[in-house]
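Summary of structural features
Listed here are the chains, written in short residue letters.
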Amino acid sequence: MENEMTEWKHAWMFFSVAAAALDDELEPSTLTRWAETGLFTGCPFGAEDRYIRQGVRQVQLWLEDLQEDPRMEERREQDYLQLFIGTPTPLAPFWGSVYMEEEKLLFHAATAQAGKWYRRYGLGIRREKGLPEDSCLYEILFITALLEGWQTDMREGKRGEAKKRLEDLKDFVAGQMLPWIPSWREDVMLYGRTEYYRGLSNMIYGGIRRLAEMEVACETGDR
């Protein structure tokens, strides 16, 4: 039970960092702090997954290069715009509907389904960011919210509710993220110009794969 609990906690930390790393409002000072503390030198979650290991190495090396050359930050910002915003179209759009809909329609069924998941837990999105509900950022934030709720339920002895959160998390990952994250990663690897986003796409893909594999034991740990 303790090992399973620890892995779910490590998953929460992993995806919390991934969400911060993917956010366009990430402060340069945060990147500097990550580099100085060696945040990516060790990753307790999914250490056996080759995509996570590779992604962690890529991001860590980029952070080390940033310490030597501050211009790396400007290149990262340019890479973000070209990959995820794009004019007229992004090279690697990071929302599911582009990959899951046959006609690559934005704000379609995949977007609506993501919104239903959020509202089930009383969550909403920041409309001012201009991102659809099925963006990778919001979906990762939803994962962290479920894991935060799970930890709260476990502390309060609400094991049934905690188990349901993890079951919903796995259903969300399987139905809402696994169908498109692999293709998104391929696009980032193809078009990305910085090891920062190439590595981050590897980490996210590997992390999603690992979540899909993890088991939800009876009462979240009691067998």
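Model, not experiment: these values are computed from the prediction.

Calculation rules
- Residues numbered from 1 in each chain as written.
- Predicted model: local features only at pLDDT ≥ 70, side-chain atom pairs only at ≥ 80, totals over all residues.
- Heavy atoms only, no water.
- Helix = DSSP H or I, 4+ residues; strand = E, 2+ residues; numbered from the N terminus.
- Buried < 20%, exposed > 50% of the residue type's maximum accessible area, 1.4 Å probe, protein only.
- Core = buried A, V, L, I, M, F, W, Y, C linked by side-chain atoms within 4.5 Å.
- Contact = heavy atoms within 4.5 Å.
- Axes fitted to C-alpha atoms, helices over the stretch in contact; angles between N-to-C directions.
- Parallel < 35°, antiparallel > 145°, perpendicular 65-115°, else oblique.
- Nonpolar A, V, L, I, M, F, W, Y, C, P; charged D, E, K, R; others polar.
- Expected span 1.5 Å × (residues − 1).
- Arc of directions from axis to C-beta.
- Salt bridge = Lys/Arg side-chain N within 4 Å of Asp/Glu carboxyl O.

1. What about the overall build of the protein chain?
Check the secondary structure of the protein chain and you find ten helices and zero strands. Mapped in sequence order, the helices and strands of the protein chain form the string α-α-α-α-α-α-α-α-α-α. The proportion of buried residues among the 223 residues of the protein chain is 51%.

2. Considering the nonpolar core
Counting residues in each nonpolar core, the largest one holds 64 residues, and the members touching the most others are Phe84, Ile143, Trp184, Tyr196, Ile204 and Leu211. Here the element with the most residues in this core is helix H7 (residues 136-155); it accounts for ten residues. If we skip the residues at most four places from it in the chain, Leu211 touches Trp8, Ala11, Phe15, Phe45, Ile143, Leu169, Lys170 and Val173.

3. Description of the packing of helix H2 (residues 28-37) against helix H3 (residues 50-68)
Two elements in contact, H2 and H3, have axes separated by 9 Å at closest approach and are oriented at 110 degrees. Taken together, the axis directions place H2 and H3 in an arrangement best described as roughly perpendicular. Residues Leu31, Trp34, Ala35 and Glu36 of H2 form the contact with H3, whose own contacting residues are Trp62, Leu63, Leu66 and Gln67. Residue classes in the contact of H2 with H3 are distributed as six nonpolar, one polar and one charged.

4. Let's talk about the side chain of Ser201
With respect to the element layout, Ser201 can be found in helix H10 (residues 195-213). Contacts of Ser201, omitting those with residues within four sequence positions, involve Trp184, Arg185, Val188 and Met189.

5. A look at helix H4 (residues 71-85)
Along its 15 residues, H4 runs 21 Å from first to last C-alpha, staying within 8% of the 21 Å computed at 1.5 Å per residue. Within the span of H4, buried status applies to Met72, Glu73, Arg76, Asp79, Tyr80, Leu83 and Phe84. Here the buried residues of H4 occupy an arc of 115 degrees about the axis, which is enough to place them on one side. Looking one or two residues beyond H4, the residue adopting positive phi is Gly86, at roughly 70 degrees.

6. Things to note about the pattern of salt bridges
Summed over the entire model, instances satisfying the criterion amount to twelve salt bridges. Note that Glu213 and Arg210 form a salt bridge whose closest N and O atoms lie 3.3 Å from each other. Of this pair, Glu213 and Arg210 both sit in helix H10, three residues apart, which is roughly one turn of the helix. Taken together, the shared-partner salt bridges in this structure form one network comprising Glu7, Glu48, Arg210 and Glu213.

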